[in-house]
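# Survey of secondary and tertiary structure
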Amino acid sequence: MQLKHKIPGIIPTPEEMERRLQEAKDRRDASWSRLCEKEKELKVIDFHVHTFPEKIAARALEQLSHDSGSRPFTDGTVKELRQSMKEAGVDLSVVLPVVTNPAKVAHINLSAAEQNEHVDETGVLSFAGIHPAAENYRVLLKQAKELGFRGIKLHPDYYGISFDDPRTMRIIDCASELDMIVITHAGTDIGLYPPVCCTVDSIVRVMDTVAPPKLVAAHMGGWNNWDEVLTKLAGRPLWVDTAFSIGEIEWLSPEAEKYGFHQLADEDFIRLVRAMGTDRVLFASDSPWAEQKDYVNRISALPFTEEEKEQIFAGNAKRLLGIDPKQEKS
Ligand SMILES: [Zn+2]
């Protein structure tokens, strides 16, 4: 088929495109600056949540819920996330996009960047998605940096590609060179078990090989792999988040329990936090797969000092995201 007529005004000229991109960048930068200005008001930052576009949220949640056998606490939309944040007293949530198709990375990141134009009003900050099978990963990561993303999310189990696979390592290396945070799902995925694509050993190998300065291993370093986290990762320079690691799992079906999965008991959670260092732990829920309010209440009630709670709930995240101007200079 041949396009015979150019439709005036619909296809922008390169100059017009350039202008629009610059305007979007200005809006993002201005919104980020306004967020940084109210840094002191950010008392609770949830470093690990998921949302889905309104059109596909219901279908996506139904599928994921079926696979994992556990129930979601919101409908998966930004709207219900914001409602949940209000109820829980969460001031900023970091959305982690899981991209399962390399061809969709650019598109997903473009719409996530649009969300970030309003971060100071919504309190919803999206990271970029990526896929290790994307051959154009350098271009995609550079674009993500230009779009102002503070970090990227990896989910080795959804890719079926190990965390220490050369394709993943080159992404971690490239993102680190661009001074971006790399957050990865770690340990067993409740919906995809087995095999585990981000084991504790693979994290150790990546740290020894690539040494990413801003690495976050989700779910307290490796879901249901916590004995190994304690012996192999404690004391190493990485961050862990608290997403979906304590409390009860709300199983939808009794069969799901047969794997023997469990969350950390309070005393084991405290021990692991202390072993990793209270300056290395980021408060996170994994909403919609856990309830933000429940996580805030649960962790607040644990016997940490006020100073330690400040670090876990906001201080460490601000430092890592570069929100805290004092820390960024040092
Ligand atoms: Zn998650």
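Figured I'd write up the structure that's included with this text. (Residues numbered from 1 in each chain as written. Predicted model: local features only at pLDDT ≥ 70, side-chain atom pairs only at ≥ 80, totals over all residues.)

## Here's the deal with the sheet that holds strand β3 (residues 124–126)
Worth spelling out the cut-off: Only when DSSP finds a minimum of two bridges between them are two strands counted as paired. Under the scheme used here, helices are H or I runs from DSSP no shorter than 4 residues and strands are E runs no shorter than 2 residues, and both carry numbers assigned from the N terminus. Where helices are involved, their axes are fitted lines through C-alpha atoms of the stretch in contact, as for all axes, and angles between N-to-C directions lie from 0 to 180°.
In spatial order, the strands read β1-β2-β3; together these three strands make up an open sheet with parallel pairing. Among the strands making up the open sheet, the edge pair consists of β1 (45–49) and β3. Across the sheet, the mean angle from the axis of one strand to that of its neighbour is 25 degrees, orientation sign disregarded. The sheet contact formed by β1 and strand β2 (residues 92–95) spans three bridges and is parallel. Bridge pairing in β2 places Val49 opposite Val95.

## Focus: the sheet that holds strand β9 (residues 281–282)
What the six strands build is an open sheet, ordered β4-β5-β6-β7-β8-β9; its pairing is parallel. Strand pairing shows two members of the sheet lacking a second neighbour, β4 (128–129) and β9, which therefore form its edges. In the sheet, strand β7 (residues 215–217) pairs with strand β8 (residues 239–241) via two bridges, with the strands oriented parallel. Across the sheet, the residue bridging to Val216 is Trp239, located in β8.

## Some remarks on helix α3 (residues 78–88)
The line we're drawing: As a rule, residues whose C-beta atom has 12 or fewer other C-beta atoms within 10 Å are exposed, those with 20 or more are buried, and those in between are partly exposed; C-beta atoms are placed from the backbone. Relevant arc is that of directions from the helix axis to the C-beta atoms, nothing else. We call two residues in contact whenever the C-beta atoms placed from their backbones are within 7 Å.
Among the residues of α3, those classed as buried are Val78, Leu81, Ser84, Met85 and Ala88. Along α3, the residues classed as buried sweep out an arc of 115 degrees about the axis, all on the same side. Turned more than 90 degrees from where α3 packs its buried face, Lys86 and Glu87 sit exposed. Next to the buried residues of α3 lie β1, β2, β3 and α12 (292–300). Gly89 occupies a position one or two residues after α3 and carries a positive phi of about 75 degrees.

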